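In case you want the letters, here they are:
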Amino acid sequence: MKKIRLSRRPGRLLLAPVMGSLIALAGCSGNTEKQPAKTADVATPTQGVDPNNGNPDIWPQVTSKVQRDDALEARVAELVASMTLEQKIAQMIQPEIRDVTEEDMRKYGFGSYLNGGGAFPNNDKHASAADWIALAETMYQASMDDSLDGIAIPTMWGTDAVHGHNNVIGATIFPHNIGLGAANNPELIRKIAKATAEEVMATGIDWVFAPTVAVVRDDRWGRTYEGYSEDPVITRAYSAAIVEGLQGVAGDTFLDDEHVIATVKHFVGDGGTVDGDDQGNNISSEEELMRIHAQGYISGLEVGAQTVMASFNTWHGKKMHGNHYMLTTVLKERMGFDGLIVGDWNGHGQVAGCSNESCAQAVNAGMDILMAPTPTWKPLYYNTLEQVRSGEISMARIDDAVTRILRVKMRAGLFDKPSPAQRPLAGKTELIGSEAHREIARQAVRESLVLLKNKGVLPLNPNTKIFVTGDAADNIGKQSGGWTITWQGTNNENSDFPGGTSIWDGIKAQVEAAGGQAELGQGANFNTRPDVAIVVFGEEPYAEGNGDLDNLEYQRGDKRDLALLKSLREQGIPVVSLFISGRALWVNPELNASDAFVAAWLPGSEGKAVAEVLFTDANGEIQHDFTGKLSYSWPKSPDQTEVNWGDDEYDPLLPYGFGLSYGDDNVLSDTLSEDNGAGDGKSVAAMPLYATGVKKPWHIALQSAGSTETMVSNVLEVGAIHVRTTDRNVQEDSLQLDFSGTTPARFSIAANFPEDLRSYLDAGAAVYFEMQRLAVPTEPVYLSMHCAGECEGDVDITQHIEKFSSNEWNKIAVDLQCFKQAGTDFSKIYSPFTLKTEGRVSLIVSNISLQPYSRKAADIVCD
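Remember, predicted model here, so these are calculated numbers, not experimental data.

Parameters and conventions
- Residues numbered from 1 in each chain as written.
- Predicted model: local features only at pLDDT ≥ 70, side-chain atom pairs only at ≥ 80, totals over all residues.
- Heavy atoms only, no water.
- Pairing = 2+ DSSP bridges.
- Helix = DSSP H or I, 4+ residues; strand = E, 2+ residues; numbered from the N terminus.
- Contact = heavy atoms within 4.5 Å.
- Polar contact = N/O pair within 3.5 Å; in protein donor to acceptor, adjacent residues only side chain to side chain.
- Phe/Tyr/Trp six-rings, centres within 6.5 Å; stacked < 30°, edge-to-face > 60°.
- Lys NZ or Arg CZ within 6 Å of the ring centre and 35° of its normal.
- pLDDT = per-residue confidence, 0-100.
- Buried < 20%, exposed > 50% of the residue type's maximum accessible area, 1.4 Å probe, protein only.

### Description of the sheet that holds strand S4 (residues 207-208)
- The sheet built from three strands is open, its strands ordered S2-S3-S4 with parallel pairing. The sheet is open, and its two edges are formed by strand S2 (112-115) and S4, each paired on a single side.
- Taken together, the four bridges between S2 and strand S3 (residues 156-159) define a ladder with parallel strand orientation. Following the sheet pairing, Tyr113 is matched in S3 by Trp157.

The following block contains the structure:
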């Protein structure tokens, strides 16, 4: 490779130097609605790290540009001193709009409330800006009504505006953070944040849960696209820029009428969990935690971020929501943070010894606001009151939390500003999706595109015949990804994006304006033979744990997009691939089948901007060159899941900082290795599901008579099923399942997020369990696997149960291929083990697991 261009534009960061491994690439050839949280933590220090007692001197002392105001502090102290305990606790509880009413707000006077992803005023996805303002005004006025709670303190509304005001129909949807990282332009980020603040203020909302400053180390993580980069240098620069864009500049425009409160999140280490497991365990040393994962907090706090959100993850087995050392000793005391810490979605309920309804440990650790969606806010409020009265939580800790909350509110001017409906930007619907904001988004799209391969086919002449295909070509929802209108970004149509444009819209406009011919087709079927085919394809939308993977192969086991590329290429048609994704994935086969390949990430609502880079103008002049550079290393194999700039052994397919521009020599050949490693002898370990207890991340769920309940003790009855633990070899190592037959019922070992279990299918695994039959079934009994959507595969095991002798232990193994043939999608398994029947039967089960390399010896085999 002869030319590698790093960013040289004024005001941009310079990406790290490209390592020597890149040189070898020249001509190179074949050489991962809110759901319940995960299981609570059990603190287990590893590698000599004690998550309860670290070394605070590792952490920097941060001086915020927002200085203490003595008059404001006196005003806060006076108000706190006048408040009752009930009023104080209400400031610390944050319910969600689906579970709290105007009367609740009037009675309790909550300090804040939120709308989660997929929550809208009046439960109306298409709620207008006026509807959002009306709800904000209603809640504000209820909080200021002191007739019931005895005090008037303005509430504040928090929202996840993470790539624009993404919950609101018609808002500008900016590229997700992974694309913005490739743009590597902090000033652009500042403009995006300012535009977002304006659109949020136009709907009467005060507080934004952004920026996410996770530094992602394993791209299997389902939130990879929420991180700007694997490099903390980019994240640190961006955090400061976006906080100032949202909040304004300290001493100048700070939290004025055109800015909102920002939240730096999720503190800390969410991007560094083992295996990229969402809400999992980070085992970094404390020094690594600070040096890699905390840089966005340092810069965000320096410019005056007023709130920090605690993370779901653990650090060496200790949940962050309950970690006094990290929240109080490090963040508040050592780093000098004087704003408020807010929890994530019932994150306090994951702390050891806690539930969603009760968690003194989180408050004592330093949580100031407990995010409490679902009706659990009410018992949480009353339990917290009792914990203070009993002395389990000190009044000093409550006063500190309320002081911080009121300090932020007063700095934001909420006590002095008019009500939401009367604020200067409220109701200015022209700001929502305005042309000025969309132009900022188009700039972001153009600068985020990374050209990975170009055999001279780009730039395209618009005065030619262009065939456009692929399921993402005319799909604004897919190109926008998760956290778009709905939480998962699913169930959206182009009509849900008024003013937005698909990638096809932009191509069509460019080509037709120049006198060319553009055709949108399905598959490889065209009416007129094209000069070039543009194929737009990629990941389906997902958010959080729903996007976790077990390796990075794209369309593993279902290469339909590859088949499309090959079909076009076999007809002698040059192929330009536009890849929509929330992470770098192993796409060697797709790269080989493409003449040009562009990583387009998740560009958002302004898809037309893609064509402004792909095509010259009618005179053959380049409109916009490719300037995007990889802010994540691109993997050379499906299992190269942790490949990060600065690693001791760094050998990606394409390195951090890579990105071609027009005129650069092509790097990638058409003969990259397509070996995905399947069948190469790499071991897959057995996965225990139940062995003297259910194993993480699984839990036991019972479903019957229209109800579903999670088993949290040693006995549970739901409708027609009764389950209790029992003893076989050791205490409570088995489960007795009694189905009464009065109504259909099922027993499941399930997870709250889908798990990618394709490696077990590839490894020839079987579901294995041991069973003792106590009563013969009166109706068929099915062993099932349940996957996302309406996906379920059933295997009838009735005959095997019937042939067992009563009260004797027997083993059953069922080939996973049987479930696949029955319709199971192993890329998104919610339950790998479900027993269901409509009749009576009594069984005891034990030692449930997935056993690789055992299908041929299974009792039930499907070839």
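### Here's the deal with the environment of Thr159
- For Thr159, the location among the structural elements is in strand S3.
- C-alpha separation for the pair Thr159 and Val208, spaced 49 residues apart in sequence, amounts to 5.1 Å.
- Residues in contact with Thr159, not counting those within four places in the same chain, are Asn115, His165, Asn167, Ile205, Trp207, Val208 and Phe209.
- There is a polar contact of 2.9 Å between the side chain of Thr159 and the side chain of Asn115.

### Structural notes on the packing of aromatic side chains
- Enumeration over the complete set of coordinates arrives at 24 aromatic pairs.
- Following the ring pairs from residue to residue traces out a cluster consisting of Tyr108, Phe110, Trp377, Tyr381 and Tyr382.
- Note that Arg728 overlies the ring of Trp809, its terminal NZ or CZ placed 3.9 Å from the centroid.

### A word on the confidence of the model for the chain
- Here the chain averages 93 in pLDDT, and 94% of its residues register 70 or above.
- This model gives residues 1-40 a pLDDT under 50, and the stretch forms 128 contacts once residues within four places in sequence are excluded.

### Some remarks on unusual backbone geometry
- Across the junction of Ala210 and Pro211, the peptide omega takes the value 15°, indicating a cis bond.
- Residues Phe267 and Val268 are joined by a peptide bond in cis, for which omega reads -5°.
- The residue Val268 is located in the loop between strand S5 (263-267) and strand S6 (281-282) in this model.
- The phi angle at Asn807 is positive, at roughly 70°, despite the residue not being glycine.
- Along the chain, Asn807 turns up in the loop between helix H22 (798-803) and strand S28 (809-815).
- For Asn847, which is not a glycine, the phi torsion comes out positive at approximately 50°.
- Assignment of secondary structure puts Asn847 in strand S30 (residues 840-851).
- According to the relative accessible area criterion, Asn847 is partly exposed, its value standing at 31%.

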